[in-house]
Amino acid sequence: MSEAVVKITIDGRPVTARPGQTVMQAAAAIGINIPGLCNHPHLKPEGACRLCLVEIEKQRNLQPACTFPVAEGLVVRTETPRIVESRRFALQMLFSERSHYCMVCPVSGDSQSSDCELQRLAYRYGLTHWPYAPDYEKAWEIDASRKYFVMHHSRCILCRRCVRACNQIAANHTLGVKQRGARTMICADDDVPFGQSTCISCGTCLQVCPTGALVDRRSAFLGHERDFTRTRAVCMGCAVGCGIQAFTRDNQLVRVEGDWASANEGLLCAAGRFEVVEPRPPRILKPLVRQDWRLVETSWDKALSHIAARFRGAQAVAGLATPRLVTESLAALACFFEEALTSHEVALLYGDAPPSELGRPAALADLRAADCIAVIGGDPLKDQKVVGYLVRRARDAGAKVIVVDDAETGLDKCADVHLELEDISYPSESPFERLRHTYHLRAGGLATLKSALTAAQHPVVLYGSGLSTTVCASLRAMPPKVRFMPLVVGTNTLGARRLGLQTRPVMGDAVYVLMGDDLPNGTPPPHRQFTVIQAAYRSSWTESADVVLPAQTWAERRGHILNVEGRSVAVTPLLEAPPGVPADWETLLQLSMRMGYELSMDAISGMSQVV
Amino acid sequence: MAKKVTIASDWLAGCAGCHMSLLDMDERLVELLGAVSLHATPITDLKHPPPEGVDVGIIEGAVANSATERVVRQMRQRCRVLVAMGDCAVFGGVPTMRNAGGCQAALRRAYIESESTVGGRIPDDPELAAMAQVRPIDAVVDVDVYLPGCPPPADAIYYVLKELVEGRTPQLAGKLLDWH
């Protein structure tokens with residue numbers, strides 16, 4: 001099939017464009033940089049800033065390149081004296097609107113370092129001053145009511161990138177504009193402070209803001225983007241495994257942005273973008289052993305020998321691991337327990353993975369293309385936030401949303417159809433019973449679900465765990481066009497399940513807890529007569545342990561996770577681990593040697609490959 | 001010997017950082033002094049531009065009260081080419097932050113509320129200059145050359161002076177154009 005093409009000329013160069021492209025896109029394809037402040041490659045064009053005006057033959061006036069569609073024979077000029085004059089004028093008008101005092105703005109820099117698109121254009125077009133004076137008395141509001149980032153209205157140029165990001169990318173519909181003309185202001189909901197609005201702090205608006213109007217609190221004034229190392233990495237916050245761009249400086253994580261080229265297309269949640277750079281408790285850098293009621297720093301050799309001696313004397317050793325680990329670490333733990341300790345008492349601290357073989361797996365891209373999405377027994381807006389945002393985006397694009405649950409979920413408001421899930425588990429006092437809840441959807445509901453999914457062209461089913469046998473069987477019997485995404489709770493719970501690790505009670509008078517960089521967040525420690533905790537940070541758990549071993553954090557590990565798409569995602573380190581803090585598998589290897597058993601690397605990597 | 005270009009400079013509401021940046025030209029100052037004669041500056045003995053005038057007048061800082069306004073008006077009368085040096089002179093700069101809260105709030109903060117002050121009093125001598133809204137100097141007088149930067153790089157100051165000495169109009173671009 002040959003694709004239709006449109007032949008146009010830009011700056012004297014012949015260009016082959018696709019119908020539907022804009023002049024801006026066609027120019028970018030051959031490396032001609034037409035400036036634009038409201039234009040953003042991942043947002044629908046707005047045509048608000050007038051910086052991209054170009055000359056098009058047979059058009060009376062200059063035309064905005066970001067909204068002008070290509071047409072056969074178009075002759076475009078992008079940088080004539082007339083255009084330059086108009087751009088200088090547009091910039092002068094922008095600077096006259098509000099108080100753009102660059103010297104107090106964190107994104108300001110010189111022509112090499114500036115992170116401000118407005119300032120860079122001012123340099124490009126040689127603005128040495130502001131011929132149209134701004135109002136020197138007017139005080140523009142600063143909205144600092146949100147935890148992670150601040151809005152300085154003084155630096156806002158009303159390009160509406162944030163508004164479009166909120167509506168088109170995050171599908172949260174919080175941001176809009178109020179008033180008109182010179183009084184136009186960006187506002188949230190019914191004009192309430194951002195902190196009191198429906199804003200979910202996903203930070204997409206912050207990522208697309210061309211000026212310093214939206215400023216990240218943590219990384220402001222820590223340097224320009226060119227001072228940071230930018231690493232493409234994977235967020236370890238939940239099982240979605242979003243692609244991130246990590247900004248690091250001097251081996252410190254400074255800022256996180258969504259990776260446009262990954263499946264999440266720049267979108268992240270507050271946890272992935274902001275919480276990961278929040279301060280953490282003190283790092284554990286040396287092994288600690290309890291002596292006379294106090295934890296005392298000791299050498300790796302002594303600590304491991306001590307653990308080995310106690311484990312040999314124990315009746316049974318239990319193992320617990322956070323699912324926030326790469327498969328390689330989990331495999332090493334499982335191997336250590338089964339080979340060195342000949343114990344199967346090893347499980348996850350938390351996490352929940354529904355059965356993953358109900359049908360063809362759905363990728364994040366399938367959610368965007370879906371015309372019918374059923375969410376059964378899970379709340380993606382709580383546990384897999386980016387998936388939830390993508391569901392709302394599909395709803396905005398016209399997809400039918402069916403929510404099937406026994407409780408309220410975040411997606412209720414955007415559901416077209418509600419079906420009631422019934423909890424048919426036997427009531428019990430045991431805390432572990434919580435893990436064995438069974439949810440059932442009656443025949444009438446199943447029929448409604450089936451007819452909706454069958455009628456759709458690209459149906460997707462998102463499902464949580466604990467669904468009844470009948471529901472699972474009915475889902476398996478859906479037409480093959482239906483794609484399935486398990487709503488996995490816990491980053492690598494799916495990878496852990498492939499290894500045979502799941503959340504369950506474990507028995508033993510000694511316990512080895514691999515908690516990595518997780519924090520207990522109020523959960524009581526899994527105490528036994530002898531407790532070893534391998535953790536990155538000090539917490540209530542490490543304070544009450546018998547031995548504490550240092551662990552690497554998510555940002556220091558290399559390996560793989562299995563995400564909600566059922567895809568093995570490679571995790572690469574973006575920071576160097578502190579000296580003396582080895583990888584999890586290395587610690588377990590050393591420990592198993594002291595237990596008199598040599599754990600083989602082949603066994604660990606063989607197990608990881610199964611996943 | 002060709003007649004030297006005469007220069008006078010002064011500072012208004014600012015931090016003197018632009019003059020520090022001027023001194024940052026290092027040995028190029030010596031080279032410039034071969035073609036330039038400095039008449040009055042805040043860092044030399046003579047403080048006011050001579051009544052017979054100079055070729056180039058350089059102003060750092062923003063107009064913030066009646067005294068600074070008088071200084072910039074006098075400089076405009078006594079120079080042929082007026083250079084606005086630094087972000088305060090060009091845009092208003094950091095002193096404009098006072099506009100948002102107002103003069104009285106700024107005075108209260110400085111003389112009464114500051115942490116080290118006990119029993120402070122806002123100066124009210126009638127001879128003191130009357131405070132006004134902070135503005136860039138082109139809100140008061142015509143400016144011929146804008147040299148932005150906080151402070152402008154020494155290279156940019158050298159370039160502007162060199163161009164003026166050689167009778168050209170400076171066109172700041174590239175690395176020399178830096179508002180930062």
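Because the structure is predicted, anything quoted here is derived from the model rather than measured. (Residues numbered from 1 in each chain as written. Chains lettered and ligands numbered in written order. Predicted model: local features only at pLDDT ≥ 70, side-chain atom pairs only at ≥ 80, totals over all residues. Heavy atoms only, no water.)

Caption draft 1: Local environment of the sheet that holds strand β2 (residues 36-38) of chain B. Residue and element names in this part refer to chain B. With respect to topology, 5 strands assemble into an open sheet ordered β2-β1-β3-β5-β7, the strand pairing being parallel. Looking along the sheet, the strands with just one partner apiece sit at the ends: β2 and β7 (145-147). Across the sheet, the mean angle from the axis of one strand to that of its neighbour is 25°, orientation sign disregarded. Relative to strand β3 (residues 54-60), strand β1 (residues 5-11) runs parallel, the two sharing 5 bridges. For S9, the partnering residue across the bridge sits in β3 and is I58. Across the sheet, helix α3 (residues 66-78) is in contact with β1, β3 and β5 (79-85); its angle to β5 comes to roughly 140°. Where helix α7 (residues 154-165) meets the sheet, its contacts fall on β1, β2, β3, β5 and β7, and the angle it forms with β7 comes to roughly 160°. (Pairing = 2+ DSSP bridges. Helix = DSSP H or I, 4+ residues; strand = E, 2+ residues; numbered from the N terminus. Axes fitted to C-alpha atoms, helices over the stretch in contact; angles between N-to-C directions. Contact = heavy atoms within 4.5 Å.)

Caption draft 2: Layout of the state of the cysteines. All names here are of chain A. For the coordinates displayed, the defined rule picks out 0 disulfides over all chains. Unpaired in this structure, C156 has its nearest cysteine sulfur neighbour in C162, at a distance of 6.2 Å. You can call C156 buried: its relative accessible area is 7%. Here C235 stays unpaired: no disulfide links it, and the sulfur of C242, its closest cysteine neighbor, is 6.1 Å away. (Disulfide = S-S within 2.5 Å. Buried < 20%, exposed > 50% of the residue type's maximum accessible area, 1.4 Å probe, protein only.)

Caption draft 3: A look at the sheet that holds strand β28 (residues 547-550) of chain A. All names here are of chain A. The 7 strands lie next to each other as β15-β14-β28-β27-β26-β16-β17, forming an open sheet whose pairing is mixed. The open sheet is flanked by β15 (294-297) and β17 (346-348), the only strands paired with a single partner. If you compare each strand with its neighbour and ignore which way they point, the axes differ by 20° on average. Taken together, the 4 bridges between strand β27 (residues 530-535) and β28 define a ladder with parallel strand orientation. If you follow V532 over to β28, its bridge partner there is V547. Contacting β26 (510-516), β27 and β28, helix α16 (residues 584-594) runs over the sheet at an angle of about 160° to β26.

Caption draft 4: Layout of α3 of chain B. All names here are of chain B. Between its first and last C-alpha, α3 extends 18 Å over 13 residues, near the 18 Å set by a 1.5 Å rise per residue. Along α3, the residues classified as buried are T68, V72, M75 and R76. All buried residues of α3 fall inside an arc of 100° around its axis, so they share one side. Of the residues in α3, the exposed ones pointing more than 90 degrees away from the buried face are R70 and Q77. (Expected span 1.5 Å × (residues − 1). Arc of directions from axis to C-beta.)

Caption draft 5: Looking closely at the nonpolar core. In this structure, I137 and W179 of chain B are the most contacted members of the largest nonpolar core, which totals 65 residues. Ranked by residues supplied to this core, first place goes to α7 of chain B with 7 residues. If sequence neighbours within four positions are ignored, W179 of chain B has contacts with F95, C102, Q119, A122, Y123, L127 and W130 of chain A together with D87, F91, P148, G149 and C150 of chain B. Counting 59 residues, the second-largest nonpolar core is a separate cluster that includes V234, V240, I373 and L462 of chain A. (Core = buried A, V, L, I, M, F, W, Y, C linked by side-chain atoms within 4.5 Å.)

Caption draft 6: Representation of the side chain of R273 of chain A within the structure. Residue and element names in this part refer to chain A. One can find R273 in helix α6 (residues 270-273). Here R273 sits buried without a salt bridge, and the closest side chain of opposite charge, E257, lies 5.8 Å off (N-O distance). Separated by 3.4 Å, the side chain of R273 and the backbone oxygen of G266 make a polar contact. Not counting residues within four places of it along the chain, the set of residues in contact with R273 comprises C202, G203, T204, Q207, V256, E257, G258, G266 and L268. (Lys, Arg positive; Asp, Glu negative; His and termini not counted. Salt bridge = Lys/Arg side-chain N within 4 Å of Asp/Glu carboxyl O. Polar contact = N/O pair within 3.5 Å; in protein donor to acceptor, adjacent residues only side chain to side chain.)

Caption draft 7: Expanded view of the interface of chain B and chain A. Listed as interface residues are 24 residues of chain B and, on the opposing side, 22 residues of chain A. With both sides pooled, the region where chain B packs onto chain A buries about 1900 Å², and carbon together with sulfur makes up 68% of that total. When the buried surface of chain B facing chain A is broken down by residue, F91, W179 and H180 of chain B rank first, second and third, together holding 35% of it. Joining chain B to chain A, the criterion identifies 0 salt bridges. The interface formed by chain B and chain A contains 4 residue pairs in polar contact (both at pLDDT 80 or more). Contributing elements (two or more residues each) for the side of chain B that touches chain A: α4 (87-91), α5 (97-101) and β6 (131-135) of chain B. Here the residues of the side of chain B that touches chain A sort into 13 nonpolar, 6 polar and 5 charged. (Buried area = accessible area lost by both parts, 1.4 Å probe. Nonpolar A, V, L, I, M, F, W, Y, C, P; charged D, E, K, R; others polar.)

Caption draft 8: Local environment of the pattern of salt bridges. Using the criterion set out here, one finds 41 salt bridges over all chains in the structure. A salt bridge links R368 of chain A to E265 of chain A; the nearest nitrogen and oxygen atoms lie 3.8 Å apart. Residue R368 of chain A is found in helix α9 (residues 364-369), and its partner E265 of chain A is found in the loop between β13 (252-258) and α6; the two are separated by 103 residues along the sequence. A salt bridge links E69 of chain B to R135 of chain B, with the nearest nitrogen and oxygen atoms 3.6 Å apart. Taken together, the residues span a long stretch of sequence, with E69 of chain B in helix α3 and R135 of chain B in strand β6 at a distance of 66 residues. Overall, the relative accessible area of 22% leaves E69 of chain B in the partly exposed class. Through salt bridges with shared partners, a single ionic network connects E31, K162, E163, E166 and R168 of chain B.

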